[in-house]
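Each chain, letter by letter, is given below.
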Amino acid sequence: NSMAPSRSDRGLRSRGRLATPRGWLLARGWLIACAALHTVRGLGSESTAPSEPAPRPLAVLDPIGDPWARDDAFLRLSEAQLAASWSADDASLASKLEALAAVEHQSFVDVRLVCFDGDGREGVQLADAELSRHLDAMSVGERVPLTAYTPARTLHVSRRLLFHVSHTRPQLCARVTEALRKAQGEGSVAVVTVDVVLAADHAASAEAYTLYVLNPALLTLGEEERLYAYTEDQNAEHGCEFPAWVSRERYAWLDLSAGPISMGPSISGSGAVFEESLPRVLSRHAGVGRATERARSELAMEIAATVASGAAHLLAPPLERLPPCARPRTVVRIFELFVDGGGGARATLELASAGAGVDYDGLVGELRAASLPTEKLSVESVTVPAGGCPACEAAYAYALDARSSSTVTDGVTVVRTSPFLNSKTMLHWLAKLGPEISRQALASGAVAKAHAGKGSRKTDEAGFKNSELKEPLFGAANAAAVEAEVNLVVGFVVTVAHPRLLLFDSAHQSAASDGLAVAIRQPDLPPAQGDHQCAGRSLSVSSPDCTRPLLGALLRAAWGVGPSHVQFDAQTSTPKPNYLWATGLTPFGPFSTSRKLSFSYLDAARNARLYALLEPALQQVHVLLGTFVPFGRQLDDVLSPREHRAFVRRWNFFLHKLKRATTYMSLHNFEQAHYYALSLAHELVAMSSIVESARFNLVTSLHCSSPGSATSWSLAAMSAVGLSATMLIGTVLLVVLNAAGKRGPGKPKAY
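A few points on the structure. (Residues numbered from 1 in each chain as written. Predicted model: local features only at pLDDT ≥ 70, side-chain atom pairs only at ≥ 80, totals over all residues. Heavy atoms only, no water.)

**Remarks on the state of the cysteines**
Spelled out, the test is: Cysteine sulfur atoms are paired as a disulfide whenever they fall within 2.5 Å. Strands are runs of DSSP state E lasting at least two residues, helices are runs of H or I lasting at least four, and both sets are numbered from the N terminus onward. A 1.4 Å probe rolled over the protein chains alone gives each residue an accessible area, and that area as a share of the maximum for its type sets the label: buried under 20%, exposed over 50%, partly exposed in between.
Applying the stated criterion to the full structure yields 3 disulfides. Covalently, C240 is tied to C534 through a disulfide, its sulfur atoms 1.9 Å apart. Measuring handedness by torsion sign, the sulfur bridge of C240 and C534 sits at about 80° and is right-handed. Of this pair, C240 sits in the loop between β8 (229-231) and β9 (244-246) while C534 sits in strand β20 (residues 528-534), and the two are 294 residues apart along the sequence. In terms of burial, C240 and C534 fall into one category: buried.

Following this line, the structure appears as structure tokens:
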């Protein structure tokens with residue numbers, strides 16, 4: 001108690017938040033959780049309040065005992081509970097729609113400044129209050145976009161990032177600087193050098209997203225500073241150097257002192273990272289001595305813009321499409337195909353004997369990590385013999401394309417042709433020929449195998465038993481019946497014997513659509529020059545191993561999650577890449593070689609499953625509330641008193657579940673959030689039934705008014721006029737028929 005508190009521990013900030021990241025985040029998280037858990041009376045454990053002699057009712061919502069929300073908890077509420085807790089109706093239809101428009105998924109981001117207390121490069125001192133002011137201005141809720149559509153669609157759920165800025169203790173800056181001093185050699189520093197220090201700090205903080213901004217002082221060699229940058233592996237000869245890292249846990253970091261940096265497309269394209277695209281302390285403070293107020297303000301704005309952009313990329317990566325809703329079981333089936341692309345049958349057979357080049361143990365582990373806790377995921381591979389699938393070779397032939405380019409040198413025109421695979425064509429024909437591919441694979445004696453993954457126990461973390469993992473679904477007697485009850489994701493690994501490098505759309509090793517993924521590999525080809533550069537050096541493309549591109553394609557196919565370094569720009573409605581965040585644990589992009597997923601992809605995949613439940617529910621509620629608007633009536637005007645009371649109770653229960661679902665999403669409790677999102681279906685069914693029965697309460701009437709008079713004719717008057725006209729027409733018809741009858745029978749008239 002005798003130790004003086006550090007700068008980050010000095011009580012409350014002026015805005016009312018706890019200054020320490022741990023205290024602020026824990027308090028904020030507990031306040032949200034408590035507000036959600038006690039929003040409505042009538043839930044919770046059995047207890048007796050001093051002011052209420054009657055005991056509170058038992059909780060009816062049971063996410064632990066009923067994780068798939070098969071039971072309608074509303075039916076277990078007594079009439080007294082319904083009257084006391086769920087019958088309040090103080091909102092109009094407009095207010096109800098406004099409540100739906102305010103559905104927001106919030107995430108809390110702790111921005112931690114390292115070496116900005118005068119102990120870093122150039123002795124910079126940056127006030128956290130100023131940086132917070134800029135970040136608060138950038139914290140705007142935007143609807144979640146679906147980028148696979150043109151124009152892009154948006155969900156009814158908004159995404160908002162709430163920032164909190166704080167300085168770390170001086171000891172953390174000292175540890176980072178000391179780690180760099182020990183590891184700094186010829187310019188490249190292994191990323192683990194700094195990451196292990198920040199991982200320990202993050203583990204001691206609250207469970208929240210953390211973005212570290214580093215400004216360590218550079219070491220000097222004589223009068224010159226020793227520059228450095230980070231690599232995944234310090235011993236790698238052709239690794240890319242970068243200043244940022246995205247971890248497996250919920251934190252990432254950016255070192256503003258690392259550089260110089262140059263990475264991005266080598267010929268043309270956007271998203272490149274270079275010195276001018278990063279906030280640099282040196283450019284604001286070099287030769288100035290003590291920083292001016294204007295220089296500090298400009299630096300704070302640049303850092304805030306970089307932090308806000310990075311948080312949007314990592315914490316709210318774009319969804320290409322809504323995935324299917326989670327089911328108790330998900331089956332990922334990988335077809336291993338071997339196609340003769342011109343190398344000859346012998347070369348194709350040799351490739352088939354070498355295997356598909358997929359690390360299934362690692363693949364299974366990453367896919368299960370991206371699944372919800374209640375999902376059971378299994379992976380099975382089907383090895384199709386070379387030449388045993390004519391439909392596969394037909395799909396490959398349809399997708400094979402080429403583009404040409406010409407150059408003129410000394411009056412001589414040289415035309416170069418580059419083959420590639422059209423991703424849309426390939427995916428289209430694989431989906432169309434899917435049943436035929438399965439039939440041919442079975443007929444050719446394809447071998448199916450189930451993959452348990454590394455370290456699988458008797459009952460793995462997804463709840464599978466070994467007996468289930470050992471038996472693949474493909475080829476089983478009950479395969480058709482089981483496939484109808486599961487989420488089936490189909491992937492293809494196409495091994496091609498071709499003399500030239502083949503990529504999808506000349507850029508990617510994999511492609512994906514809804515529920516379908518495909519990756520290509522050419523193990524007999526040497527590494528080829530790619531279209532991206534790092535520090536002026538072209539990055540090579542090599543495809544003998546297919547695990548990483550297949551993982552990225554399956555992530556897009558099964559969960560709809562795209563690469564985190566591509567962010568949707570709402571102003572231009574176009575994807576906007578930023579390769580600064582294409583490093584670390586990512587299966588996308590040329591600047592990483594990792595086969596693992598960072599927290600960004602893991603959380604995005606789980607959130608996508610929840611969005612797939614929330615979006616249809618919100619759409620249906622909007623339709624229900626506007627059912628009678630075309631008839632000039634509001635829903636409240638049509639419902640009878642009994643129906644209105646039943647609808648209001650279900651509506652309040654719906655809003656309560658919706659609030660809990662989004663709250664638990666913010667707290668990263670995906671199992672609880674999934675339960676509440678799934679249980680919304682009970683309220684939707686009940687409210688739809690009430691609205692359907694209320695249509696019989698609507699009486700149609702017709703009112704006509706003349707242009708020159710405001711006096712309207714009622715339906716009764718119109719009915720009288722109509723009846724008179726009908727009687728007149730009937731009289732005329734009778735006269736005509738009598739006249740025709742008097743003429744007697746005759747030959748029918750031909751038409």
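**A few points about the packing of aromatic side chains**
What counts, and what does not: Pairing of aromatic side chains requires ring centres within 6.5 Å, counting the rings of Phe and Tyr and the six-membered ring of Trp. Pairs whose planes differ by under 30 degrees are stacked, by over 60 edge-to-face, and all others tilted. Our definition puts a charge over a ring when NZ of Lys or CZ of Arg is within 6 Å of the ring centre and also within 35 degrees of the ring normal.
A complete count under the given rule lists 15 aromatic pairs for this structure. With a centroid separation of 6.0 Å and 20° between ring planes, the pair formed by W651 and F654 is classed as stacked. Note that W651 and F654 are positioned in helix α19 (residues 641-666) at a spacing of 3 residues, about one turn of the helix. Exposure remark for W651: the relative accessible area of 4% places this residue in the buried category. Three or more aromatic residues joined by ring pairs form one cluster here, namely F74, W86 and F653. Sitting over the face of the ring of Y149, R153 holds its NZ or CZ atom 3.8 Å from the ring centroid. The ring centre of F420 lies 4.4 Å from the NZ or CZ of R403, which sits over that ring.

**A word on the pairing of strand β13 (residues 376-383)**
What counts, and what does not: Pairs of strands are assigned from DSSP output, requiring at least two bridges between the strands.
Of all 8 residues in β13, 6 are buried, a share of seventy percent or more. Here 8 bridges tie strand β12 (residues 329-340) to β13, and the two strands are oriented parallel to one another. When the sheet's bridge partners are listed, F335 is paired in β13 with V382. Bridge count between β13 and strand β16 (residues 447-451): 5 bridges; the pairing is antiparallel. From the neighbouring strand, V382 faces β16, where its bridge partner is A448.

**Considerations on the packing of helix α10 (residues 360-370) against helix α17 (residues 599-625)**
Filter applied, for reference: Between N-to-C directions, angles cover 0 to 180 degrees, with each direction set by a line fitted to C-alpha atoms, over the stretch in contact for helices. Working definition: roughly parallel below 35 degrees, roughly antiparallel above 145 degrees, roughly perpendicular at 65 to 115 degrees, and oblique for all remaining angles. In what follows, a contact means two residues having at least one pair of non-hydrogen atoms within 4.5 Å. Put simply, Ala, Val, Leu, Ile, Met, Phe, Trp, Tyr, Cys and Pro go in the nonpolar bin, Asp, Glu, Lys and Arg in the charged bin, and everything else, Gly too, in the polar bin.
Running from N to C, α10 and α17 point in directions that differ by 55°, and their axes come no closer than 8 Å. Taken together, the axis directions place α10 and α17 in an arrangement best described as oblique. Residues E366, A369 and A370 of α10 lie in contact with α17, whose contacting residues are L602, A605 and R606. Taken together, the residues of the contact of α10 with α17 break down into 4 nonpolar, no polar and 2 charged.

**Concerning the layout of surface pockets**
Keep this limit in mind: In the cavity and pocket records, a cavity denotes points on a 1 Å grid over the protein atoms alone where a 1.4 Å probe fits but cannot get out, a pocket denotes an open set with protein on both sides within 12 Å along at least 5 of 7 lines, and lining residues are residues with an atom within 4 Å of a point. Grid points are joined across faces, edges and corners, and a volume is the space filled by probe spheres set on the points.
Reported here for the second largest pocket is a volume of approximately 1100 Å³. Contributing to the lining of the second largest pocket are 41 residues, with E142, A308, A312, Q567 and F568 lying nearest its centre. If you list the elements that add at least two residues to the lining of the second largest pocket, you get β2 (142-146), β3 (153-167), α8 (293-315), β22 (566-569), β23 (574-577) and α17. When residues in the lining of the second largest pocket are grouped by element, the largest group, 7 residues, is from α8. For the lining of the second largest pocket, the class distribution of residues is 23 nonpolar, 12 polar and 6 charged.

**Considering empty space enclosed by the protein**
It is the rolling of a water-molecule-sized probe over the atoms that shows where space remains empty. A full pass over the atoms with the stated rule returns 5 cavities of 30 Å³ or more. Within this model, the largest cavity holds a volume of roughly 60 Å³. Looking at the largest cavity, the residues that line it are V109, Y209, T210, L211, A252, G310, A311, L314, L315 and F599. For the lining of the largest cavity, the secondary structure elements donating two or more residues are β5 (209-214) and α8. Counting residues per element, the lining of the largest cavity draws most heavily on α8, which supplies 4 residues. Its residues assigned to classes, the lining of the largest cavity comprises 8 nonpolar, 2 polar and no charged.

**Notes on the pattern of salt bridges**
In plain terms, the rule: We count a salt bridge whenever a side-chain nitrogen from Lys or Arg sits within 4 Å of a carboxyl oxygen from Asp or Glu.
Applying the stated criterion across every chain yields a total of 24 salt bridges. One salt bridge in this structure joins R181 and E178, with 2.5 Å as the shortest N-O distance. With R181 and E178 both in helix α5 (residues 170-183) and 3 residues apart, this pair spans about one turn of that helix. Between E380 and R333 there is a salt bridge, with the nearest N and O atoms lying 2.7 Å from each other. Within this pair, whereas E380 is found in strand β13, its partner R333 is found in strand β12, the two being separated by 47 residues in sequence. The pair formed by E380 and R333 is uniform in burial state, with each residue classed as buried. What you see here is one network of salt bridges that share partners, running through D72, R650, K657 and E683.

**A word on the environment of A102**
Along the polypeptide, A102 turns up in the loop between α3 (93-101) and β1 (104-114). As a C-alpha pair, A102 and S158 span 56 residues in sequence and 7.8 Å in three-dimensional space.

**Digging into the packing of helix α16 (residues 547-559) against α17**
The axes of two packed helices give the description: the angle between them and the distance between them. Our working rule: Left-handed describes a crossing in which the near helix is turned anticlockwise from the far one by less than a right angle; the clockwise case is right-handed.
Between α16 and α17, the shortest axis-to-axis distance is 10 Å and the interhelical angle comes to 20°. The pairing of α16 with α17 is recorded here as roughly parallel in orientation. Like other packed secondary-structure pairs, α16 and α17 cross with a definite hand, here left-handed. Every residue of α17 that contacts α16 at L555, A558 and W559 is listed here: Y601, A605, A608 and R609. Class assignment of the residues belonging to the contact of α16 with α17 gives a composition of 6 nonpolar, no polar and 1 charged.

**Notes on the sheet that holds β9**
As summarised here, the arrangement of the 6 strands in space is β2-β3-β1-β5-β10-β9, forming an open sheet in which the pairing is mixed. The open sheet has two free edges, formed respectively by β2 and β9, since each of these has just one partner strand. Across the sheet, the mean angle separating the axes of adjacent strands is 25° when strand polarity is ignored. Set on the sheet, helix α6 (residues 192-203) makes contact with β1, β5, β9 and β10 (251-255); between it and β10 the angle comes to about 135°.

**A look at the nonpolar core**
Rule in force here: What makes a nonpolar core is a set of buried Ala, Val, Leu, Ile, Met, Phe, Trp, Tyr and Cys residues whose side-chain atoms join them at distances within 4.5 Å.
Ranked by size, the top nonpolar core spans 85 residues in total, and within it L367, L554, L555, W559, V561 and F647 carry the most contacts. Counting residues per element, this core draws most heavily on α17, which supplies 14 residues. Those residues in contact with L555, other than ones at most four positions away along the chain, are A370, G560, V561, F588, L597, Y601 and A605.

**Focus on the side chain of S598**
Mapped onto the elements of the fold, S598 is located in the loop between β23 and α17. Once residues lying within four places of it in the same chain are set aside, the contact partners of S598 are V246, S247, R248 and L585.

**Brief notes about the sheet that holds β16**
Strand order in this open sheet of 6 strands is β16-β13-β12-β17-β19-β18, and the pairing throughout is mixed. The sheet terminates laterally at β16 and β18 (510-513), the two strands that pair on one side only. Strand-to-strand twist of the sheet, defined as the mean angle between neighbouring strand axes without regard to direction, takes the value 20°. Across the face of the sheet, helix α12 (residues 423-432) comes into contact with β17 (487-497), β18 and β19 (516-521) while running at roughly 120° to β19.

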